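# Analysis of the macromolecular model
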Amino acid sequence: MFAPLLQNLRDRHPLVHAITNYVTANDCANLLLACGASPIMADEPEEAPEITARAAGLVLNLGTLHRATLPALPACGRTANARGIPVVLDPVGVGASRFRRDTALRLLREVRFTVIRGNLSEIETLARGQEGAPGVDSTDRVTADNLDACCALVREFARRTGAVVAMSGSVDLVSDGQTVYCIRNGHPMMGLVTGTGCQLSCLTGAFAAANPDRPLEAAAAAVCAMGLCGEIAHARLGPEDGSGSFRTYLMDAVCRLTPDQLEKGARYELR
Ligand SMILES: Nc1ncnc2c1ncn2[C@@H]1O[C@H](COP(=O)(O)OP(=O)(O)O)[C@@H](O)[C@H]1O
Ligand SMILES: Cc1ncsc1CCOP(=O)(O)O
Ligand SMILES: [Mg+2]
C-alpha cells in the first residue's frame, strides 16, 4: 500500500520549497535530501512566491515567525493553491503566543492546505482557536482513554479545513475527515531530538509532492516512514549512544529506507 508512494518519491525527486524555522532548517534540508527530494529554503517575500511556483511541494512552518518574512507565508500559499502544488502547514508552538495563533488562523482562512501536521497540543489549539501549550512540545498525549475523542478531533478538523490532518505523538492520527489512520510506529527517543516534527512535516511535503493525487495516503505513509525510521535508529544505539547519535541514525534510516521495508514495517489500523 505505501511502497509505491515511497518509490514515486525516490523516482521523481520533487523540489520542495520550505519556509521554516532557524532551529531545524538544516535537519529539514538534509531530511529532504535523504528521502529523495530536493530542498530549497527561501523566506524573503520578494522572491519566495517565484520559488514556490517552480517547486512540486511547499511547507510552511511557523517555528520562528518574523514580521519581515511574514508576508511570504500567505503569498506562497496562494501561489501553490493557484498552481495545484501541495501545501503542508506545521503550526509549531501555535499555542505559545497570540502572534503565532493569529498568523496560523489567518493562513487557514487564506490558504487551502493539503496537510496540517502538528502535535496534539498544536492541533487542539488550532482546532479550538484558543491559547494552548506554552512551548513547542505537546503537553498532552493520545492514550487508550482519549483515543476516540482524538480521532473525532482530527476527523472534524479535517472536515472543517478540507485538509488532511496529521497529529503526531506516541500514537499518530491521520485523517481526511472520514478515514482515520491510527499509526503506532515511532520511539519515545524522537521526543528528545528537536526537529523530528519539523522533519516529519517536510517528509510529508515530499510524499505529497511525489503523490499529489493521494494526499491522505501520502501523509499516512510519511508518518509511518518517520516512525519506522525512529525504531530503526533506536535499534542501532550502542551502550554509549544518546540523543545525538539517535539524531544521526534517524537521518541514516530515512536515507536507506526501502519501499519494501516501509510496506512491512508500517503499523497502523483504520478507524
Ligand atoms: N512517545 C513517542 N513514541 C513514539 N513516537 C513518538 C513519540 N513522540 C514523538 N514521536 C514521533 O516523533 C515524530 C515527531 O512527533 P512530535 O514529537 O509529536 O512532533 P513535534 O516535534 O512537532 O512536537 C513523529 O514521527 C512521532 O510519531
Ligand atoms: C525549539 C524550537 N523553537 C522554535 S522552532 C523549534 C523547533 C521545533 O521543532 P519540532 O517541532 O520538530 O520539535
Ligand atoms: Mg513541531
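The name given to the chain in an unreviewed UniProt entry is Hydroxyethylthiazole kinase, with the source organism recorded as Subdoligranulum variabile DSM 15176. Looking at the chain in UniProt, the text filed under Pathway (unreviewed entry) is "Cofactor biosynthesis; thiamine diphosphate biosynthesis; 4-methyl-5-(2-phosphoethyl)-thiazole from 5-(2-hydroxyethyl)-4-methylthiazole: step 1/1." Per UniProt, the chain has the following entry under Catalytic activity (unreviewed entry): "5-(2-hydroxyethyl)-4-methylthiazole + ATP = 4-methyl-5-(2-phosphooxyethyl)-thiazole + ADP + H(+)".

So, about the overall build of the chain. Along its length, the chain carries eleven helices and nine strands. Its C-alpha atoms give the chain a radius of gyration of 17 Å, within 12% of the compact-globule value 18 Å for 271 residues. Here the C-alpha coordinates of the chain stretch approximately 45 × 40 × 35 Å along the principal axes. The buried share of the chain, reckoned over its 271 residues, is 56%.

Here we take up helix H7 (residues 147-161). Compared with an ideal rise of 1.5 Å per residue, which puts 15 residues at 21 Å, H7 spans 21 Å between its outermost C-alpha atoms and is within 8% of the ideal. Buried residues of H7: Leu 147, Cys 150, Cys 151, Leu 153, Val 154, Phe 157 and Ala 158, and no others. The arc that holds every buried residue of H7, seen down its axis, measures 160 degrees, which confines them to one face. Exposed residues on H7 whose side chains face more than 90 degrees from its buried face are Asp 148, Ala 149 and Arg 159. Check the buried side of H7 and you find it contacts helix H5 (98-110), strand E5 (115-119), helix H6 (120-128), strand E6 (164-168), strand E7 (172-175) and strand E8 (180-183). Positive phi appears at Gly 162, one or two residues downstream of H7, with a value of about 75 degrees.

Here we come to the UniProt feature "binding site: ATP" (unreviewed entry) in the chain. If you check UniProt for "binding site: ATP" (unreviewed entry), the listed places come out as Arg 117 and Ser 168 in our numbering. These annotated residues cover 52 residues of sequence, and their C-alpha atoms lie no more than 7.4 Å from one another, placing them together at a single site. Lining the largest pocket, from the residues named above, are Arg 117 and Ser 168. Summarising the element assignment, Arg 117 is placed in strand E5. Setting aside chain neighbours within four positions, we find Arg 117 in contact with Val 88, Leu 89, Asp 90, Pro 91, Ala 166, Ser 168, Gly 197, Cys 198, Leu 200, Ser 201 and Thr 204. Along the polypeptide, Ser 168 turns up in strand E6. Judged by its relative accessible area of 15%, Ser 168 is buried. Setting aside residues up to four positions removed in sequence, Ser 168 forms contacts with Arg 117, Gly 118, Asn 119, Leu 120 and Leu 200. Among the polar contacts made by the side chain of Ser 168, one reaches the side chain of Arg 117 at a distance of 2.6 Å.

Conventions we followed
Residues numbered from 1 in each chain as written. Chains lettered and ligands numbered in written order. Predicted model: local features only at pLDDT ≥ 70, side-chain atom pairs only at ≥ 80, totals over all residues. Heavy atoms only, no water. UniProt positions renumbered as here; feature names shortened; annotations may be inferred. Helix = DSSP H or I, 4+ residues; strand = E, 2+ residues; numbered from the N terminus. Rg over C-alpha atoms; globule rule 2.2 N^0.38 Å. Buried < 20%, exposed > 50% of the residue type's maximum accessible area, 1.4 Å probe, protein only. Expected span 1.5 Å × (residues − 1). Arc of directions from axis to C-beta. Contact = heavy atoms within 4.5 Å. 1 Å grid on protein atoms, 1.4 Å probe; cavity = no way out; pocket = protein on both sides within 12 Å on 5 of 7 lines; lining within 4 Å. Polar contact = N/O pair within 3.5 Å; in protein donor to acceptor, adjacent residues only side chain to side chain.

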